[in-house]
Amino acid sequence: MLRKFFVHISLFFLGLIAVKAQESLNTLIFRGNRSFDKQKYGEATSTFSEAVKKNEKDFGAHYNLGNSLYKIKKYDEAIAEYQKAQKNTNNKDEKAASYYNEGNAHLQNGDGEKAVNAYKNALKHDPDNEAILKNLQIAKKKQKQKDNKKNQQNQQQNQQNNQNKNQDNNQNQQGDQNQENKNNNTKNQPNGNIGDQNKGKGNQGAEKQNQKNEPQDPNDPNKIPKDLQKLILQRSANQERETAKKLLNKNGYYSPESNTKDW
């Protein structure tokens, strides 16, 4: 009997602890909502964070924490909390609300594609919600504008790349042409000079050879007749012999120097 009494007492205290813990979670959410309504979003964020620590599987704690993070423009963290909230409920309205707010956060981040997907998921749970439908159209429009701008930038970049490529090709071609012209000028200039020099030498040699081989005109008044040339040659030869004899005779009478010293 006594043992049974202690069992009942233990169960009673466990129940009180559970109720107190639940009251503490609800109290935190209540306090957080009150701070949120007063636009004290930083204070609300801290309070809802404590609530999440109390029960990580509570939809309301994650959802409200996501809303307070959204208000202080921490959109990535807000998205994470909305996604956790979606996993902790099977209620269509709660899922629709968490997907809708997730879409709003993506839209604030400038990611229209993810916003569109979040709004579509919200419509699956609340297909007639006008706010979701309106934001879905806004997200599609913003995503289209973003895509058009990106395509325009890509086209401009491609045009700039092609222009730079063509300019580089033109510069390379001009450089090659200049180098080729320089090489041709360097190659042709000395050959031309040598050719001219050789040409002049060739002409001079040819003129000398032509003069040497050119036959003499017998009627040329400056030409000496062969008979006269022969006679002149004979007389010259006779004169050379006579001169030689005189030199020999003179040398024969030449007295050598005396070896006698004058000292």
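Worth saying up front: this structure is predicted, and the values here are computed from it rather than measured.

**Student:** Would you explain the overall build of the chain in this entry?
**Tutor:** When you go through the chain residue by residue, the secondary structure sums to eight helices and zero strands. For the chain, the succession of helices and strands along the chain, N to C, is α-α-α-α-α-α-α-α. Counting over 263 residues, the chain shows a buried share of 21%. A separation threshold of at least 6 residues defines the contact pool for the chain, and within that pool the share at least 24 residues apart is 43%. For the chain, the exposed area adds up to about 21,200 Å²; of that, 48% sits on carbon and sulfur atoms.

**Student:** Can you walk me through helix α5 (residues 92-108) in this structure?
**Tutor:** Residues that lie three or four places apart on an α-helix share one face, since the helix turns once every 3.6 residues. Helix length check: α5, at 17 residues, gives a terminal C-alpha distance of 24 Å against a target of 24 Å (1.5 Å per residue), a fit within 8%. K95, A96, S98, Y99, N101, E102, G103, N104, A105 and H106 are the residues of α5 that are buried. Taking the backbone nitrogen of D93 as reference, a side-chain oxygen 2.9 Å away marks N91 as the first, capping residue of α5.

**Student:** It is not clear to me how the packing of α5 against helix α6 (residues 112-125) should be interpreted in this structure. Could you clarify?
**Tutor:** Each pair of packed helices can be summarised by the angle the axes make with each other and by the distance between the axes. It is the contact of α5 with α6, at a shortest axis distance of 8 Å, that shows an interaxial angle of 165°. Regarding the angle of α5 to α6, the classification is roughly antiparallel. As α5 packs across α6, the resulting crossing turns out to be left-handed. Judged by residue contacts, K92, K95, A96, Y99, Y100, E102, G103, N104, H106 and L107 of α5 engage K114, A115, A118, Y119, N121, A122 and H125 from α6. Class assignment for the residues of the contact of α5 with α6 results in eight nonpolar, five polar and four charged.

**Student:** What am I meant to see in the confidence of the model for the chain here?
**Tutor:** Predicted coordinates in areas of low pLDDT are best not read in detail. In the predicted model, the chain carries a mean pLDDT of 78, and the fraction of residues at 70 or more is 65%. The model gives residues 4-20 a pLDDT under 50, and that stretch makes zero contacts with residues more than four places away or in other chains.

**Student:** Teacher, can you tell me more about the side chain of N101 here?
**Tutor:** With respect to the helices, strands and loops of the structure, N101 is situated in helix α5. A residue is classified by how much of its surface remains accessible, and N101, at 13% relative accessible area, is buried. Those residues in contact with N101 that lie beyond four places of it in its chain are Y63, N67 and Y82.

What counts as what
Residues numbered from 1 in each chain as written. Predicted model: local features only at pLDDT ≥ 70, side-chain atom pairs only at ≥ 80, totals over all residues. Heavy atoms only, no water. Helix = DSSP H or I, 4+ residues; strand = E, 2+ residues; numbered from the N terminus. Buried < 20%, exposed > 50% of the residue type's maximum accessible area, 1.4 Å probe, protein only. Contact = heavy atoms within 4.5 Å. Areas by Shrake-Rupley, 256 points an atom, 1.4 Å probe, with all protein chains shown as cover. Expected span 1.5 Å × (residues − 1). Polar contact = N/O pair within 3.5 Å; in protein donor to acceptor, adjacent residues only side chain to side chain. Axes fitted to C-alpha atoms, helices over the stretch in contact; angles between N-to-C directions. Parallel < 35°, antiparallel > 145°, perpendicular 65-115°, else oblique. Left-handed = near helix turned anticlockwise from the far one by under 90°. Nonpolar A, V, L, I, M, F, W, Y, C, P; charged D, E, K, R; others polar. pLDDT = per-residue confidence, 0-100.

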